[in-house]
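# Observations on the three-dimensional arrangement
For reference, the chains in residue letters:
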Amino acid sequence: MSGRDVVLGRVRRALADVPRDEGPDDVPVPRDYAITHSPADAVETLAENLADYRALVHRADAAGLPGLIARLLAERGSRSVVTPPGLPPEWLTGTPEDVRRVADAAESTPHDLDAVDSVVTGCALAIAETGTIVLDGGPDQGRRRITLVPDHHICVVRVPDQVVDSVPQALPLLVPDRPLTWISGPSATSDIELDRVEGVHGPRTLEVVLVRA
């Protein structure tokens, strides 16, 4: 007996008591299972899990955000920064004018973006239990490639409004036909000997700013 026959035989036995005319939606399936572990403080859980993934986590209020972004760019030595079209202009008011602003343009090539030092974006939402930032190409996030090519990404998360506990809570809030990018820490991979290499398919450095209104 082939492996195929074994598998099909098991399927037939499992379906032996199912009427032939029954459809997948004819029998309701209870889905009352928990969709979150309900962390005591979702923002703190997010911060801890981001740090576990080697993201650099910062905190600010709205008034202090421009100064913090300016400091992070200065500490990085950034002389240029990509800005999505809908990035709130006040976020960069503390950044010196000699730091060149590079618009998120359709004609920008990966080579062009590789010459840019940093990118600053917002996010669609953040997931506490997994330490994940989700981008959906919104006005304050721009095209996916601007967050994949530059080596330094500063991502602003408005807390607690943009933080959800879990992936099941996040999915209904996202539009599936948008260009979703899920980020859990800086880009990294490991070879067969488990040597970690960062910056292979995205920014080597991810800095997440948690901003309270």
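Keep in mind the model is a prediction, meaning the values are calculated, not measured.

### Observations concerning a nonpolar patch on the surface
Side chains of Val7, Val11, Leu15 and Val18 sit close together on the surface and give an oily, nonpolar patch of about 310 Å² of accessible area. Among the secondary structure elements, Leu15 is positioned in the loop between helix 1 (3-14) and helix 2 (42-52).

### Let's talk about the sheet that holds strand 3 (residues 100-103)
Adjacent strands of a sheet pair through backbone hydrogen bonds, lying either parallel or antiparallel. Sheet architecture is open: six strands sit in the order 1-12-7-4-2-3, paired in parallel fashion. The sheet terminates laterally at strand 1 (56-61) and strand 3, the two strands that pair on one side only. Averaged over all neighbouring strand pairs, the angle between strand axes comes to 25°, with direction disregarded. Both strand 1 and strand 12 (residues 205-212) contribute to a ladder of six bridges, which runs parallel. Residue pairing in the sheet places Leu56 in a bridge with Glu207 of strand 12. Lying on the sheet, helix 2 is in contact with strand 1, strand 7 (152-159) and strand 12; it crosses strand 1 at an angle near 145°.

### Brief notes about the sheet that holds strand 6 (residues 132-135)
Taken in spatial order, the four strands of this open sheet run 8-5-6-9, and their pairing is mixed. In this open sheet, the two strands that pair with only one neighbour each are strand 8 (163-164) and strand 9 (181-183). Bridge count between strand 5 (residues 125-127) and strand 8: two bridges; the pairing is parallel. By the bridge assignment, Ile127 is partnered in strand 8 with Val164.

### Remarks on helix 2
All of the buried residues along helix 2 are Ala42, Val43, Thr45, Leu46, Ala47, Asn49 and Leu50. Among the structural elements, strand 1, strand 5, strand 6, strand 7, strand 8 and strand 12 are those in contact with the buried residues of helix 2. The residue sitting at the N-terminus of helix 2 and contributing the capping side-chain oxygen is Asp41; that oxygen lies 3.1 Å from the backbone nitrogen of Val43.

### Brief notes about unusual backbone geometry
The omega torsion of the bond from Val159 to Pro160 falls at 0°, within 30 degrees of zero and hence cis. Here Pro160 shows up in the loop between strand 7 and strand 8. The phi dihedral of Ser38 falls on the positive side, at around 50°, and the residue is not glycine. One can find Ser38 in the loop between helix 1 and helix 2.

### Considerations on the pattern of salt bridges
This structure, assessed with the given rule, holds eight salt bridges. A salt bridge links Asp140 to Arg158; the shortest N-O distance between them is 3.8 Å. Here Asp140 is found in the loop between strand 6 and strand 7, whereas its partner Arg158 is found in strand 7, with 18 residues between them in sequence. On the accessibility criterion, Asp140 (12% relative accessible area) is buried. On the basis of relative accessibility, which here comes to 34%, the residue Arg158 falls in the partly exposed class. Residues joined in a network through salt bridges with shared partners are Arg76, Asp151 and Arg204.

About the cut-offs
Residues numbered from 1 in each chain as written. Predicted model: local features only at pLDDT ≥ 70, side-chain atom pairs only at ≥ 80, totals over all residues. Heavy atoms only, no water. Patch = residues over 30% accessible without salt bridge, like charges linked within 9 Å, V, L, I, M, F, W, Y side chains within 5 Å. Areas by Shrake-Rupley, 256 points an atom, 1.4 Å probe, with all protein chains shown as cover. Salt bridge = Lys/Arg side-chain N within 4 Å of Asp/Glu carboxyl O. Helix = DSSP H or I, 4+ residues; strand = E, 2+ residues; numbered from the N terminus. Pairing = 2+ DSSP bridges. Axes fitted to C-alpha atoms, helices over the stretch in contact; angles between N-to-C directions. Contact = heavy atoms within 4.5 Å. Buried < 20%, exposed > 50% of the residue type's maximum accessible area, 1.4 Å probe, protein only. Polar contact = N/O pair within 3.5 Å; in protein donor to acceptor, adjacent residues only side chain to side chain.

Geometry only, nothing functional implied.
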